[in-house]
Amino acid sequence: MTAGRRRGDSRDDPTWARPRSPSVRAAAGERGTGLLAFLLLGTAIVVPTLLGVLSVEITTDLGLSDSALGAVVSAFWAVTALAAPVAGRWVDGRGWPLGAWLGPVVSALCLAACVLLVDSWLALLLVAALGGVGYGICSPTTNLLVMAAVPARRQATVLGLKQTAPPLLMAAAGATLPAVAHLHGWRTAMAISLVLPASVLALVARRVAGAPRVGHRGDASRVELSPAERASVRRALVPMVVAAGLGTFSVATLTGFAVLTLVSAGLGPVAAAGVVSGGSLAAVVARVAAGRFLDGRPSSDVTPLLAVMGLAGLALLLVSAGVFGLERSAGSGWQALVVAGVVLALVAAWTWPALLLIAVVRSSSAGPGAASGLLQLGSGLGSAVGPAAFGVLSDAGGRGWAWSVMGFLTVLAMVLVRRPTS
């Protein structure tokens, strides 16, 4: 070997052509699966995320009140609740590739409609409802993909990584798009976001072209249940579904109203979006850590889930206390309480649904798509009712009371969480 030539630098070196070991190929495949699931879920949630991050500009341009914006966000989640159980069974039977194609297309159509067509509250409502179809397809698709392509010992970690997509998307959008919207309008910010579904479709095309058919009906890993067994599975999941519905009141409300609440507390729109961005980044770290933690614990252990839900309820009550304080007297202390409450609420409220999803998908005897689709029924309904209820409560009695209700409902959801097995 000539001087200065390192081992592996030349085709003359026999190690140059040595194939990668199975463990290296498995790790690369796991990373590819996690990346695809992450981007697919991020694409699914892009519509309500942008409605929240760009809420100041959108409400001003279209003349929307809190209750009107809440109804738009609720339309997204209401349709998600109806679409997800059906889509979950569908992707379990047909395989994840079809869901991975269709979901991003729907999201892209919604963004394009916002850019080109939306000029009224009704048009925005219809676009948000269509976006709910995209999320209803994408969410169970991502879970089926992970459960089919990732070893059991790493599934909670990859599911946790995948679930960081919503807060990371909110962080990235909050850090960049409000400034774009301030200078060029919210439609331009929406147009820039079309890069996300386009990238996902390109990645899906590459993955499907070189991947075996996984997650299809007839796979050896798929367990067929009788009608009576399926009914029993659904009954066992009812407490989890109801808890998801109650708890995700706060998740959807934070998406739509965190920026507006911070602005009303005295922050500028860009600074408020920055706070939401920082809280969302912290939630990303929490979700990754939670997934790695759960891989080493039994699927029936809900103690970490209960702890994070308790933190979410407390944080929402802190926001409420800060808003009430600012209504009585201005002061940096009350403003700091609102900011701290929003950050903690973003971390906890974005994290506990991921923990609940991981527990249910890992332990349920239903298919991954069907189990997560049923769970999405509850969380979709909660997300649909939450923003609309918050808007009504805010218009009627102020945002302090509205945030209080969200906090108490999160605490109530803790009471319903039991052993998530079926």
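The structure displayed is predicted, hence computed values, not measured ones.

Novice: For this particular structure, what's the right way to read the environment of Pro269?
Specialist: Relative to the elements of secondary structure, Pro269 occurs in helix H12 (residues 269-294). Taking the relative accessible area as the measure of exposure, Pro269 reaches 37% and is therefore partly exposed. It is 9.0 Å that separates the C-alpha atoms of Pro269 and Ala179, two residues lying 90 residues apart in sequence. Look past the residues within four positions of Pro269 in its chain and what remains in contact with it is Val56 and Val263.

Novice: What is the right way to read helix H8 (residues 165-184) from this model?
Specialist: Turn by turn, an α-helix covers 3.6 residues, leaving residues three or four places apart pointing in a common direction. The terminal C-alpha atoms of H8, which comprises 20 residues, lie 26 Å apart, in line with the 28 Å expected from a rise of 1.5 Å per residue. At Gly174, H8 is bent by approximately 40°, the largest bend along its length, and proline Pro178 sits one to four residues beyond. By the burial criterion, the buried members of H8 are Ala165, Pro166, Pro167, Leu169, Met170, Ala171, Ala173, Gly174, Leu177, Pro178, Val180 and Ala181. One or two positions beyond H8, positive phi appears at Gly185, with a value near 100°.

Novice: Help me understand empty space enclosed by the protein, please; the structure alone is not making it clear to me.
Specialist: The method is simple in principle: a probe with the dimensions of a water molecule rolls over the atoms, and the space it marks as empty is what remains. The tally for this structure, following the rule as stated, stands at two cavities of 30 Å³ or more. Empty space within the largest cavity amounts to approximately 320 Å³. Lining the largest cavity are 24 residues, and of these Tyr135, Gln163, Pro353, Gln376 and Ser379 lie nearest its centre. Going through the elements one at a time, helix H6 (121-149), helix H11 (227-264), helix H14 (332-363) and helix H15 (368-397) are the ones with two or more residues in the lining of the largest cavity. Here the lining of the largest cavity takes six residues from H14, the largest share from any one element.

Novice: Teacher, can you tell me more about the confidence of the model for the protein chain here?
Specialist: Interpretation of this model should avoid reading the predicted coordinates in detail wherever pLDDT is low. Chain-level pLDDT for the protein chain is 78 on average; 81% of the residues reach the 70-or-more range. In the model, residues 1-20 has pLDDT below 50 throughout and makes 14 contacts with residues more than four positions away in sequence or in other chains. pLDDT under 50 marks residues 213-222. Its contacts with residues more than four places away, or in other chains, come to 22 contacts.

Novice: Help me understand a nonpolar patch on the surface in this model?
Specialist: On the surface, Val105, Leu109 and Leu130 cluster together into a nonpolar patch covering about 240 Å² of accessible area. Note on placement: Leu130 falls in helix H6.

Novice: Looking at this model, I keep getting lost on the packing of aromatic side chains. Mind explaining?
Specialist: Geometry of an aromatic ring pair is reported as the spacing of the ring centres plus the angle between the planes. In this structure the tally under the stated criterion is six aromatic pairs. Ring centres 4.7 Å apart and planes at 35° place the aromatic pair Phe257 and Phe390 in the tilted group. With a gap of 133 residues between them, Phe257 in helix H11 and Phe390 in helix H15 connect regions that are remote in the sequence. Look at Phe390 and you get buried, because its relative accessible area is 0%. A network of ring pairs unites the aromatic residues Phe76, Trp77 and Tyr135 as a single cluster.

What counts, and at which threshold
- Residues numbered from 1 in each chain as written.
- Predicted model: local features only at pLDDT ≥ 70, side-chain atom pairs only at ≥ 80, totals over all residues.
- Heavy atoms only, no water.
- Helix = DSSP H or I, 4+ residues; strand = E, 2+ residues; numbered from the N terminus.
- Buried < 20%, exposed > 50% of the residue type's maximum accessible area, 1.4 Å probe, protein only.
- Contact = heavy atoms within 4.5 Å.
- Expected span 1.5 Å × (residues − 1).
- Bend = angle between axes of the 7 residues up to and from the residue.
- 1 Å grid on protein atoms, 1.4 Å probe; cavity = no way out; pocket = protein on both sides within 12 Å on 5 of 7 lines; lining within 4 Å.
- Points joined across faces, edges and corners; volume = space filled by probe spheres on them.
- pLDDT = per-residue confidence, 0-100.
- Patch = residues over 30% accessible without salt bridge, like charges linked within 9 Å, V, L, I, M, F, W, Y side chains within 5 Å.
- Areas by Shrake-Rupley, 256 points an atom, 1.4 Å probe, with all protein chains shown as cover.
- Salt bridge = Lys/Arg side-chain N within 4 Å of Asp/Glu carboxyl O.
- Phe/Tyr/Trp six-rings, centres within 6.5 Å; stacked < 30°, edge-to-face > 60°.

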